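Structural characterization, general
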Amino acid sequence: MLVDQLGRPLRDLRISVTDRCNLRCTYCMPAEVFGPEYAFLPRAELLSFEEIERLAGAFVALGVRKLRVTGGEPTLRRDLPDLIGRLSRIGGVQDVAMTTNGLLLPRMAADLKGAGLNRVTVSIDSLDPEVFGRMNGLGTHPQKVLDGIEAALTAGLGVKINTVVQRGVNDAGLRELWLALRDLAPVRFIEFMDVGNHNGWNMDSVVPSREVLARLAGDDGRFAPVNPEYRGEVAARHTDGQGHEVGLISSVTAPFCGDCSRARISAVGTLYTCLFAGSGTDLRGPMRGEPGGAPLSDAALQDLIAGVWAARRDRYSEERGEATVAARAKVEMSHIGG
């Protein structure tokens, strides 16, 4: 079994298929940075579906069992069901999932399910139109996301709902959101993290997960912890008295670096071994034989990936501190997904 320097196996691969998005969420792609003049990647620089399929196959040969398609917003990538079909047919893959803002699911969910997609994680940070519109940067109404969730459920996709929590921004409506959505799908609340370089993160904006759970419970509520299903499960799960599940992702106050089994590939084929990495390893160039060399064989590609993972020592969330955050430039979340 391939493991890194801290004994962590390679089990999960997140694949970004585009750096573009149809929202401008303040904690990911703030409009003042990613505005009309922002230069997004030209199509020729993106990995082709054939290249993504080949890379995924190499990772699966090294032990990966779960693939997650991300962005940017992955549904903006043309002919996405074709890619999902390619990934779902790779021998050894147990699960193909996607993270999305849900806006395009009403017209795509059935095709994605038919192609082999198993699950979607849909992001919605508030049910208050004003709050949600401000957080997504474009004034988009939350009903558009709720329509996407309904479309995914109707298509037979597994659904989880993600909410990023920021103090003084959307934390006042957490219980309302939980009560409204808990019958639809498991809801996961994520501590506001210092991903990328432009989201204005500071510790005062973080609402610790224990506080989130207390707010959800209210005056007389009670939650029971649920045992993890596997090593590396990022969300600490709880259920209320009616069996509704809530997940808490506590990367800031209770880091889970010690069990992290995730690798990430950007839309241009750069391998990152941490969500908070400042640099990565180019896989696209060697695959294409650039500049001026012979393209790597499948065996050589696997050796390259294995060498990167075997040398991995990342544990940023365990090392996080105000000085660390200020001193380190990190890859943008829109390039490698969440």
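Everything discussed here concerns the structure shown above.
A brief look at the structure comes next. The structure displayed is predicted, hence computed values, not measured ones.

1. Focus: the packing of helix H6 (residues 174-181) against helix H7 (residues 209-217)
It is at 8 Å that the axes of H6 and H7 come closest, and there the two elements cross at 65 degrees. For the pair H6 and H7, the crossing hand works out as right-handed. Touching Leu174, Arg175 and Trp178 of H6 are Val212, Arg215, Leu216 and Ala217, all from H7.

2. Observations concerning unusual backbone geometry
Glycine aside, the phi torsion of most residues is negative, and most peptide linkages are trans. Looking along the chain, the bond that leaves Gly71 and enters Gly72 is cis, with omega of 10 degrees. Relative to the assigned elements, Gly72 resides in the loop between strand S2 (66-70) and helix H2 (80-88). For the bond from Glu290 to Pro291, the omega torsion is -5 degrees, close enough to zero to count as cis. Topologically, Pro291 is positioned in the loop between helix H8 (284-288) and helix H9 (298-310). In this model, Asp79 sits at a positive phi of 60 degrees, which is unusual for a non-glycine residue. By the secondary structure assignment, Asp79 is in the loop between S2 and H2.

3. Examining the environment of Leu87
Here Leu87 is to be found in helix H2. A relative accessible area of 0% places Leu87 in the buried class. For the pair formed by Leu87 and Val252, sequence separation is 165 residues and the distance between their alpha carbons is 32 Å. Dropping the residues within four chain positions of it, Leu87 is found in contact with Ile15, Ile52, Glu53, Ala56, Leu67, Val69, Val93 and Val96.

4. Structural notes on the pattern of salt bridges
Within this structure, the stated rule accounts for 19 salt bridges. One salt bridge in this structure joins Arg134 and Glu130, with 3.6 Å as the shortest N-O distance. Placement of both Arg134 and Glu130 in helix H4 (residues 129-136) is noted, with a separation of four residues, approximately one turn of the helix. Note on Arg134: relative accessible area 47%, which makes it partly exposed. Among the ionic contacts, a cluster of salt bridges with common partners joins Asp4, Arg8, Arg312 and Asp314.

5. A look at the packing of aromatic side chains
Scanning the model with the defined rule gives four aromatic pairs in all. For the ring pair Phe34 and Tyr38, a centre distance of 4.7 Å and an interplane angle of 50 degrees mean the geometry is tilted. The exposure class of Phe34 is buried, given its relative accessible area of 3%. Joined through ring pairs, the aromatic side chains of Phe34, Tyr38 and Phe40 make up one cluster. The ring of Tyr230 has Lys66 lying over it, and the distance from NZ or CZ to the ring centre is 3.9 Å.

What counts and how
- Residues numbered from 1 in each chain as written.
- Predicted model: local features only at pLDDT ≥ 70, side-chain atom pairs only at ≥ 80, totals over all residues.
- Heavy atoms only, no water.
- Axes fitted to C-alpha atoms, helices over the stretch in contact; angles between N-to-C directions.
- Helix = DSSP H or I, 4+ residues; strand = E, 2+ residues; numbered from the N terminus.
- Left-handed = near helix turned anticlockwise from the far one by under 90°.
- Contact = heavy atoms within 4.5 Å.
- Buried < 20%, exposed > 50% of the residue type's maximum accessible area, 1.4 Å probe, protein only.
- Salt bridge = Lys/Arg side-chain N within 4 Å of Asp/Glu carboxyl O.
- Phe/Tyr/Trp six-rings, centres within 6.5 Å; stacked < 30°, edge-to-face > 60°.
- Lys NZ or Arg CZ within 6 Å of the ring centre and 35° of its normal.

Just geometry here; none of it tells us what the structure is for.
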